[in-house]
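One-letter residues, chain by chain:
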Amino acid sequence: MLRSVGQRRVTADGVDPRVAELRAAVARLRRELAGHRREFADRGIAEDELAALDAMATSGAPEVWRLRRSLLLVAGAVGSVSALAEGLTGVRRAVELFGPATPGQPGRDGHPNA
């Protein structure tokens, strides 16, 4: 099947496979986080940003810089919890499916990238 430039691949049910992968990876990490019995200071931040990632994916066409910002916040929040490392890696890989941040879009500090 030929696609026009700019068109995205979709599954039989009309879902972008990148979105499906991101939602699945986020759901896995959310389950792992919920099952992790030990408390840590930034757990709430991780939960909030995972919810934000899921909401962005559900919206259809998430902005790459926003995905990456949320990923950085999740990584900062759970990065020291080795039991969540595999789930975090899955979310990172799913975010990377959307490609690199586009020049001119805000970076981590809110200022446009050069």
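Structure shown above.
So, a few notes on the structure that sits alongside this text. None of the values given here were measured: they were computed from a predicted structure. (Residues numbered from 1 in each chain as written. Predicted model: local features only at pLDDT ≥ 70, side-chain atom pairs only at ≥ 80, totals over all residues. Heavy atoms only, no water.)

## Re the packing of helix H3 (residues 64-78) against helix H4 (residues 85-96)
Put simply, H3 and H4 touch, their axes get as near as 10 Å, and they point 170 degrees apart. The angle between the axes of H3 and H4 places the two elements in the roughly antiparallel class. H3 and H4 meet at a crossing whose hand is left-handed. Together, Leu-67, Arg-68, Leu-71, Val-74, Ala-75 and Val-78 of H3 and Leu-88, Val-91, Arg-92, Val-95 and Glu-96 of H4 make up the contact between the two elements. Along the lines of polarity and charge, the residues of the contact of H3 with H4 split into eight nonpolar, no polar and three charged. (Axes fitted to C-alpha atoms, helices over the stretch in contact; angles between N-to-C directions. Helix = DSSP H or I, 4+ residues; strand = E, 2+ residues; numbered from the N terminus. Parallel < 35°, antiparallel > 145°, perpendicular 65-115°, else oblique. Left-handed = near helix turned anticlockwise from the far one by under 90°. Contact = heavy atoms within 4.5 Å. Nonpolar A, V, L, I, M, F, W, Y, C, P; charged D, E, K, R; others polar.)

## Points about the pattern of salt bridges
Per the counting criterion, the structure on display carries eight salt bridges. Arg-23 serves as the salt-bridge partner of Asp-54, at 2.8 Å between the closest nitrogen and oxygen. Taken together, the positions of Asp-54 in helix H2 (residues 43-59) and Arg-23 in helix H1 (residues 17-35) put the pair 31 residues apart, joining distant regions of the chain. Under the relative-accessibility criterion, Arg-23 is labelled partly exposed at 37%. Its salt-bridge partner being Glu-39, residue Arg-43 comes within 3.9 Å of it at the nearest N-O pair. The exposed category is assigned to Glu-39, whose relative accessible area is 62%. (Salt bridge = Lys/Arg side-chain N within 4 Å of Asp/Glu carboxyl O. Buried < 20%, exposed > 50% of the residue type's maximum accessible area, 1.4 Å probe, protein only.)

## Brief notes about H1
The terminal C-alpha atoms of H1 lie 27 Å apart, and with 19 residues this matches the ideal 27 Å at 1.5 Å per residue to within 8%. Taken residue by residue, H1 has Arg-18, Val-19, Leu-22, Ala-25, Val-26, Leu-29 and Leu-33 as its buried positions. Buried residues in H1, looked at end-on, bunch into an arc of 130 degrees, giving them a common side. In this structure, H1 carries Arg-31, Ala-34 and Gly-35 as exposed residues pointing more than 90 degrees from its buried face. (Expected span 1.5 Å × (residues − 1). Arc of directions from axis to C-beta.)

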